[in-house]
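# Remarks on the overall topology
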Amino acid sequence: MWRGGIFRRSRPEPLDFSPLVLDFHSHLVPGVDDGAPDLETALAMVDGLISLGYRGAVTTPHIYPGVYPNSAAGLQLAFAPLLSAVNKRHPGFALHLAAEYQIDDDFVRSVEAGEEILAHNKLVLVEVGFHAAPPDGLLEEAFFALQKRDFTPVLAHVERYPYWHRQLNVLGDLEARGVILQVNAASLAGAYGPEVQAAGTAALSAGIVGLVGSDAHGPRHISALESLQNSGASAVADWLSTAQQAHLLGA
Ligand SMILES: [Fe+2]
């Protein structure tokens with residue numbers, strides 16, 4: 001007897017995020033940038049990461065002179081109460097501090113001058129402006145300065161720079177020169193529109209993406225992770241099956 005329902009589209013199996021282990025790229029430190037405004041929100045975001053299967057996170061507040069004028073020492077101070085609250089609430093969750101640096105001439109100078117750089121496992125997260133491509137030579141200078149100090153640059157949300165859309169070769173060249181490319185989960189879930197989603201998916205499929213991060217600024221980005229997990233997207237599933245994220249993060 002026909003029981004009905006067999007032609008109904010079945011929900012895809014949730015993607016297994018366990019190969020990711022640690023989330024790399026988020027804004028959990030309360031009140032220092034455009035991320036979590038307070039401790040309560042930050043803890044709710046950590047709860048969300050745990051329910052998605054993460055065993056830890058490297059949180060990366062902005063250091064962007066003139067916009068988010070943070071320093072390594074200031075961020076370490078602001079991070080301490082968050083760390084102790086998370087340790088109390090979730091003793092097994094590994095929370096680390098790094099930063100997301102805006103690449104400009106000052107950043108290059110501070111790396112060259114040997115100043116303290118917030119990194120995790122020698123990985124330094126950097127970003128550039130969304131509206132115009134960085135001036136010629138600036139990226140090369142910044143990456144060279146970092147590599148000279150034995151850091152590995154991680155370029156944040158490579159799919160969100162419109163001037164590199166349909167220029168996968170530019171990103172491929174960076175990857176070939178030792179830069180780890182990071183893509184935001186929310187982009188893959190379509191939260192920034194179809195063009196960004198396509199750029200992120202193309203980079204994943206080209207095999208040049210090292211890290212997928214939440215870039216969580218608030219609970220909305222945890223929901224985006226959840227919708228990505230439930231999307232069953234095949235490019236994401238394929239990437240997860242060979243993901244080196246845990247290895248890159250030393251987890
Ligand atoms: Fe970010």
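For the structure itself, look to the data block above.
Note that the structure is predicted; figures quoted are calculated from it, not measured.

Our focus in this paragraph is the overall build of the protein chain. The number of helices and strands found in the protein chain is ten helices and nine strands. For 251 residues, the compact-globule estimate of 2.2 N^0.38 gives 18 Å, and the protein chain sits close to it at 18 Å. Here the C-alpha coordinates of the protein chain stretch approximately 75 × 45 × 30 Å along the principal axes. When contacts within the protein chain are restricted to residue pairs at least 6 apart in sequence, those whose partners lie at least 24 apart make up 78%.

Another aspect to go through is the packing of helix α7 (residues 194-205) against helix α9 (residues 234-241). The geometry of α7 relative to α9 is characterised by a closest axis approach of 9 Å and an angle of 35 degrees between their N-to-C directions. The chirality of how α7 crosses α9 is left-handed. Contacts from Thr-201, Leu-204 and Ser-205 of α7 reach α9 at Ala-235, Val-236 and Trp-239. A breakdown of the residues in the contact of α7 with α9 according to their chemical character gives four nonpolar, two polar and no charged.

We now examine helix α1 (residues 39-51). Its 13 residues place the ends of α1 18 Å apart at the C-alpha level, agreeing with the 18 Å of an ideal helix rising 1.5 Å per residue. Inspection of α1 places Ala-42, Met-45, Val-46 and Leu-49 among the buried residues, and these make up the whole buried set. The buried residues of α1 occupy an angular sector of 100 degrees when the element is viewed end-on, so they sit on one face. Facing away from the buried side of α1 by over 90 degrees, the exposed positions are Glu-40 and Ser-51. Looking at the packing, one finds that the buried side of α1 touches β1 (22-24), β2 (56-59), α2 (72-89) and α8 (219-229). Once α1 finishes, Gly-53 follows within two positions and takes phi at roughly 110 degrees, a positive value.

Soluble globular proteins tend to pack their nonpolar side chains together in the buried interior. Residues Leu-125, Val-126, Val-154, Leu-181 and Ala-203 are the most contacted members of the largest nonpolar core, which totals 74 residues. If we skip the residues at most four places from it in the chain, Val-126 touches Tyr-101, Ile-103, Ala-142, Pro-153, Val-154, Leu-155 and Ala-156.

Attention now moves to the pairing of β2. Neither face of β2 is exposed, since Gly-56 and Val-58 on one face and Ala-57 and Thr-59 on the opposite face are all buried. Pairing geometry for β1 and β2, over three bridges, is parallel. The residue of β2 that forms the bridge with Leu-22 is Gly-56. Both β2 and strand β4 (residues 94-97) contribute to a ladder of four bridges, which runs parallel. Paired with Val-58 across the bridge in β4 is His-96.

Overall, parallel pairing links the three strands, which are arranged β1-β2-β4 in an open sheet. Taken across any chain shown, the strands that pair with only one partner, and hence form the sheet edges, are β1 and β4. On average, adjacent strands in this sheet sit at an angle of 15 degrees to one another, irrespective of strand direction.

Phi is positive for Val-21, close to 60 degrees, though the residue is something other than glycine. By the element assignment, Val-21 lies in the segment before β1. Backbone geometry places His-25, a non-glycine residue, at a positive phi of 115 degrees. Structurally, the position occupied by His-25 is in the loop between β1 and α1. Owing to 25 C-beta atoms within 10 Å, His-25 belongs among the buried residues under this scheme.

To continue, consider the packing of helix α3 (residues 105-112) against helix α4 (residues 138-148). Direction vectors running N to C along α3 and α4 enclose 20 degrees, while the axes themselves pass 9 Å from each other. On the basis of their axis angle, the class for α3 and α4 is roughly parallel. Every pair of crossing elements has a handedness; the one defined by α3 and α4 is left-handed. Seen from α3, the contacting residues are Phe-107, Val-108, Val-111 and Glu-112; seen from α4, they are Glu-141, Ala-142, Ala-145 and Leu-146. Its residues placed into classes, the contact of α3 with α4 shows six nonpolar, no polar and two charged.

Among all positions of α4, only Leu-139, Ala-142, Phe-143 and Leu-146 are buried. Buried residues in α4, looked at end-on, bunch into an arc of 95 degrees, giving them a common side. Exposed residues on α4 whose side chains face more than 90 degrees from its buried face are Glu-140 and Lys-148. On its buried face, α4 sits against α3, β6 (123-127) and β7 (152-155).

Analysis parameters
Residues numbered from 1 in each chain as written. Predicted model: local features only at pLDDT ≥ 70, side-chain atom pairs only at ≥ 80, totals over all residues. Helix = DSSP H or I, 4+ residues; strand = E, 2+ residues; numbered from the N terminus. Rg over C-alpha atoms; globule rule 2.2 N^0.38 Å. Contact = placed C-beta atoms within 7 Å. Axes fitted to C-alpha atoms, helices over the stretch in contact; angles between N-to-C directions. Left-handed = near helix turned anticlockwise from the far one by under 90°. Nonpolar A, V, L, I, M, F, W, Y, C, P; charged D, E, K, R; others polar. Expected span 1.5 Å × (residues − 1). Buried ≥ 20, exposed ≤ 12 C-beta atoms within 10 Å, placed from the backbone. Arc of directions from axis to C-beta. Core = buried A, V, L, I, M, F, W, Y, C linked by C-beta atoms within 7 Å. Pairing = 2+ DSSP bridges. Parallel < 35°, antiparallel > 145°, perpendicular 65-115°, else oblique.

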